[in-house]
Amino acid sequence: QVQLVESGGGLVQAGGSLRLSCAASGRTFSSYVMGWFRQAPGKGREFVASTSLLGAYTDYGESVKGRFTIYRDNAKNTVYLQMISLKPEDTAVYFCAAASTSSRIVRDSSGYSYWGQGTQVTVSS
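Predicted, not measured: the structure shown is a model, and the values here were computed from it.

> Just to check I follow, could you spell out the overall build of the protein chain for this structure?
Each helix and strand in the protein chain was counted, giving zero helices and 11 strands. Against the globule reference of 14 Å for 125 residues, the protein chain gives a C-alpha radius of gyration of 13 Å, in line with a compact fold. For the protein chain, the spread of C-alpha atoms along the principal axes amounts to about 40 × 25 × 25 Å. Within the span of the protein chain, comprising 125 residues, buried residues form 42% of the whole. Counting only contacts in the protein chain whose residues sit at least 6 apart along the sequence, the fraction spanning at least 24 positions is 59%. Here the protein chain displays about 6,200 Å² of accessible surface, and carbon together with sulfur accounts for 48% of that area. Positive and negative charge centroids in the protein chain, built from 12 and 8 side chains respectively, lie 4 Å apart.

The following block contains the structure:
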């Protein structure tokens, strides 16, 4: 079992930056592929980013490529999402998730077994 707690959300102006953190419990953090997803009001959950077990591989949703960076610190049991050049359309609840899988990266939300409670990101225009 893994428990995930996100932090770092908030209100920011368009063009600004935020860094989200997701702290995981347990001693097996490095055995999970980690991902970030987001969900805006009235919309489905959208893939944002994923990172492999040791962080060597990453993948991003098209709408965030070049602006968001996912990275992890296995010594701290934490995965991060650095977001720059934020746009109003980035406004959403952001969730981190953990997947126990042989795949390097997981883009599909159904591949994740554990989810955090989410953190709100609001980008004003």
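Following the structure, the description resumes.
> Can you help me understand the pattern of salt bridges in this one?
Oppositely charged side chains are able to pair whenever their charged atoms sit close together. All chains considered together, the criterion is met by five salt bridges. Across the pair Arg107 and Asp59 runs a salt bridge whose closest N-O atoms are separated by 2.7 Å. Taken together, the positions of Arg107 in the loop between strand S9 (92-99) and strand S10 (114-115) and Asp59 in strand S6 (residues 58-60) put the pair 48 residues apart, joining distant regions of the chain. A salt bridge links Glu62 to Lys65, with the nearest nitrogen and oxygen atoms 2.8 Å apart.

Parameters and conventions
Residues numbered from 1 in each chain as written. Predicted model: local features only at pLDDT ≥ 70, side-chain atom pairs only at ≥ 80, totals over all residues. Heavy atoms only, no water. Helix = DSSP H or I, 4+ residues; strand = E, 2+ residues; numbered from the N terminus. Rg over C-alpha atoms; globule rule 2.2 N^0.38 Å. Buried < 20%, exposed > 50% of the residue type's maximum accessible area, 1.4 Å probe, protein only. Contact = heavy atoms within 4.5 Å. Areas by Shrake-Rupley, 256 points an atom, 1.4 Å probe, with all protein chains shown as cover. Lys, Arg positive; Asp, Glu negative; His and termini not counted. Charge placed at Lys NZ, Arg CZ, Asp CG, Glu CD. Salt bridge = Lys/Arg side-chain N within 4 Å of Asp/Glu carboxyl O.

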